[in-house]
Amino acid sequence: MFKKILFATSASLASDYAARVAFDMAQRYDAHMTIFHVLGVPTRGYSQVVLDVKTGEKIELDDEYVSWVEEEIKTYYSRQLETAGDFEIKIVVGFPHREILREARDSHPDLVIMGGSTEDEGVSVYKKSMVGSTLQRVAKSVGCPILIVNRPAASFWGGMSSVVFGTDFSKASDAAFKFSLKVVQALDCELHIFHALDISDLHLGKLMTQDQIETKIRESLKRIRGRYIKKLVKGQDYSFDVWEGIPYIEIVKYAREKQADLIVMAHHTRKMDAEDKRLGSNIEQVIVRAGCPVISINK
Amino acid sequence: MPEGTLCNKKPIETEEALKALLADKSGKVYYEEMKSLEIDDKLLWKTIQNTLKSRLRTWLKICAHCGMCADSCFLYLINDRDPKQVPAYKIQATLGEIVRRKGKVDNDFMHMAMETAWAKCTCCNRCGMYCPHGIDMGIMFGYLRGLLYQQGFVPWEMKIGAGMHRVYRAQMDVTDEDFVETFEWMIEEYEDDYPGLEVPVDKEGADIMYTVNAREVKHYPEDLAEAGILFHLAGENWTVPSKGWEQTSLAMFAGDWAACKMQVESVYEAMERLKPKRMVGTECGHAHRATVIEGPYWAGRKNGKPPAESIHYVEWVAEALRTGKLKIDPAKRIKRQVTLQDSCNYIRNNGLKEVTREIMSYMVEPGYFVEMTPNKEHNYCCGGGGGFNGIGIFRPQRNKALITKRDQILNSGAELVIAPCHNCWDAIRDLEEEYKIGIEWSFLKPLLISMVEVPEHLQAKE
């Protein structure tokens, strides 16, 4: 099910954990991998100067420079490439999120893999001119599942055996469930279905009594049974649970307990708020915090 | 060697020629060849006799060398009041001299004229407002650029830009298919957020035909989506042409008069084909000047007007806010110091100063809008106008020119600069990059989207 992987990389520290997962998956599932790098942001309109995203330098683009960057990438991933199977390196110029989306739209990969934020590597001017990070923008709009690795994915080395599906019972979550089902069937994994009852917003207004919380938990468990469990195939190894708390914290805790190799969630943050440049929604917080890769599905 | 392989008097006509020129990194070979490019003085003089009309001839003659224009020129001020930066001097020493010598000028002279025309004047037309005789050096430099282009003395990027228009009818290598495809792609990305959002292509008789800047298509197509969303929320009956969608004209910056005509005619043909009530162009200054103000004359239109009434994006926004087609949520208005960049090309050149301020009155919480000094029709060029932004060999001069705008912004105390013009937006981005003064800058569209109310029947349902 992962035959075509688009690995979008900054070829720097921010993509290192993702690189491990990407190369490992490509090899394990015998996939064709496109190592995709957006070299620079066009600057000064119609001039031929671009700003190298990695070094921040202004450069005049030509074939020579592109092949130099390609060599750099090959060197950066030399160890992984030694054993890599079917791969290609693509280097383009543009705004990273837009070019990743363009490539994903043109080549229809089964999966896009990306690292966490490059934010710590210095804020260049182009980032200020856009709302939201590259990751946020790609996750919002990409037409296929996107796998994000922000922290070292320790348990990944053994392949995938435990998948956590986090739901908020939205339509987008249904799509994420469908995808989770495909993954667990194809890769023969356990499936853990989880919902977190959000009590964080309630602090301000009123305090829920424990009875109320527990009633809600029972309701949610019932919903999981009705909505998802019925659709599992026979023999599927599964569990499900509902915990109360701050949703993203609870999901990360739950995944840790289940020794998850993968978290699947829906991404349906509609608007990107100019005021809130931090990763805002639950899934974005999960991505930042989880100890395993997170797959985001937006439709 | 009279003609170079890359630097010559021939315009770019084919994709191959364009690629060959682009492959010459930084125009190295191009500028080398320019050093031995011969001047066809007969052609030059003949062209002057045919095209230098009474207005420009009079202007050249009646200049009293009074120096009133000096202080009006930001390039004079920023370059330590160098007498060689006085507008009257600049034009007399170049165009004036060519005319006096009846076209008999040499290669060194043409190099000097090229630098003067593209690095010492942004065609902002500010001097014309201060000259007691009303002599507008910006217009004369526009004319001089035409002569220089004809003789092959034009900056590398400008030759490429004009070539793009000739080959693609767009300032970048964006085909008609790319344009439609990209617009549709953007609608796909946003249709879940805005149910019913669509891009009507080639719809006849629409109220609005929208035209854009190819860079939006190529690099930040979100701008297309934002335009579509705002028309959608305002309930407009709009369309985009599948051909003739590019409103800009680097050919105008380059002085490639023939390409100017070709480009603008492609837009007029779209108007004639689709018969919209009005054309609305994107947030670009020179595109408006090229297509709406100067274009009709390039195309030989007797009434001096495009085939359909044509307005700038800011005019549409002001109208939509005024009539209530777009409503701003008062809670979301801008509540920090914000200023406005007046684009020379539609403020000084098309009198839209009150329209943009009307928009500010809706978008900004009272008390937070601050003016730059000077402002409105007296405002200074962003520092990168007239092609200055894009020319590599004149980058140091351009960066120095940005200091004027930098200090204007700093003195205003604004944290955010609204720049409804691509060139100004670029220049302000570049000045932040160069001088890091900690400001933000924006077009109108993303700000509007973050604060307009979505009518109930258009809201997304979860």
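Basis of the calculations
Residues numbered from 1 in each chain as written. Chains lettered and ligands numbered in written order. Predicted model: local features only at pLDDT ≥ 70, side-chain atom pairs only at ≥ 80, totals over all residues. Helix = DSSP H or I, 4+ residues; strand = E, 2+ residues; numbered from the N terminus. Contact = placed C-beta atoms within 7 Å. Pairing = 2+ DSSP bridges. Axes fitted to C-alpha atoms, helices over the stretch in contact; angles between N-to-C directions. Buried ≥ 20, exposed ≤ 12 C-beta atoms within 10 Å, placed from the backbone. pLDDT = per-residue confidence, 0-100. Domains from an automatic or database assignment. Nonpolar A, V, L, I, M, F, W, Y, C, P; charged D, E, K, R; others polar.

**Q** For the overall build of chain A, give the residues involved together with the corresponding values.
**A** A tally of regular secondary structure across chain A gives ten helices and twelve strands. Of the contacts made within chain A by residues no fewer than 6 positions apart, 78% connect residues no fewer than 24 positions apart.

**Q** Can you explain the sheet that holds strand 5 (residues 338-340) of chain B? Please cite residues and give values.
**A** All names here are of chain B. If you trace the three strands from one edge of the open sheet to the other, you get 5-6-7, paired in parallel fashion. Looking at which strands have only one partner, the edges of the open sheet turn out to be strand 5 and strand 7 (440-442). Strand-to-strand twist across the sheet, computed as the mean angle between neighbouring axes with direction ignored, equals 25°. For strand 5 and strand 6 (residues 416-418), the ladder comprises three bridges, and the chain directions are parallel. When the bridges of strand 6 are listed, L340 appears paired with I418.

**Q** Which residues make up unusual backbone geometry, and what values go with them?
**A** Residue and element names in this part refer to chain B. A cis geometry characterises the amide bond from T373 onward to P374, with omega recorded as -10°. Its location among the elements puts P374 in the loop between helix 18 (353-363) and helix 19 (395-412). One non-glycine residue, N125, adopts positive backbone phi at about 65°. Relative to the helices and strands, N125 is located in the loop between helix 7 (107-119) and helix 8 (126-130). Given 24 C-beta atoms within a 10 Å radius, N125 is considered buried.

**Q** Account for the confidence of the model for chain B, with residues named and values stated.
**A** Per-residue confidence for chain B gives a mean pLDDT of 96; residues scoring 70 or more make up 100%. Scoring the predicted complex yields pTM 0.91 and, for the interface, ipTM 0.83.

**Q** Could you give an account of the domain arrangement of chain B, naming the residues involved and the relevant values?
**A** Residues and elements named next belong to chain B. Domain boundaries in chain B define domain 1 (39-154), domain 2 (166-311) and domain 3 (327-451). Counting residues at the interface gives 15 residues for domain 2 and 19 residues for domain 3. Among the secondary structure elements, those contributing two or more residues to the side of domain 2 that touches domain 3 are helix 13 (222-233) and helix 16 (285-298). For the side of domain 2 that touches domain 3, the residue count by class is six nonpolar, four polar and five charged.

**Q** Can you explain the pairing of strand 6 (residues 111-115) of chain A? Please cite residues and give values.
**A** All names here are of chain A. Most of strand 6 is tucked away: five of the five residues are buried. Of the strand pairs in this sheet, strand 1 (residues 4-8) and strand 6 are connected by four bridges, and their pairing is parallel. In the sheet register, I5 faces strand 6, and the bridge partner there is L111.

**Q** Report on the sheet that holds strand 3 (residues 278-281) of chain B, specifying residues and quantitative values.
**A** All names here are of chain B. Pairing is parallel in the open sheet, where four strands are placed in the order 2-1-3-4. What marks the edges here is a single partner per strand, and that holds for strand 2 (238-239) and strand 4 (309-311). Pairing between strand 3 and strand 4: three bridges, direction parallel. Bridge pairing links V280 to I311 in strand 4.

**Q** Outline the pairing of strand 1 (residues 208-211) of chain B, listing residues and values.
**A** Residue and element names in this part refer to chain B. In the sheet, strand 1 pairs with strand 2 via two bridges, with the strands oriented parallel. Along strand 2, the bridge assignment pairs I208 with W238. Across four bridges, the pairing between strand 1 and strand 3 is parallel. Within strand 3, the position partnered with T211 by the bridge is G281.

**Q** Explain the environment of G367 of chain B residue by residue, including any values.
**A** Residue and element names in this part refer to chain B. Following the sequence through the fold, G367 ends up in the loop between helix 18 and helix 19. In this structure G367 comes out as exposed when scored by C-beta crowding, with 8 C-beta atoms within 10 Å. Considered as a pair, G367 and R336 are 31 residues apart in the sequence and their alpha carbons are 8.9 Å apart.

**Q** Go over helix 6 (residues 134-141) of chain A with me, naming the residues and quoting the values.
**A** Most of helix 6 of chain A is tucked away, with eight of its eight residues classed as buried. Summarising the contacts, the buried residues of helix 6 of chain A are in contact with helix 4 (96-107), strand 6, strand 7 (146-149), helix 10 (282-289) and strand 12 (294-297) of chain A together with helix 11 (176-190) of chain B.

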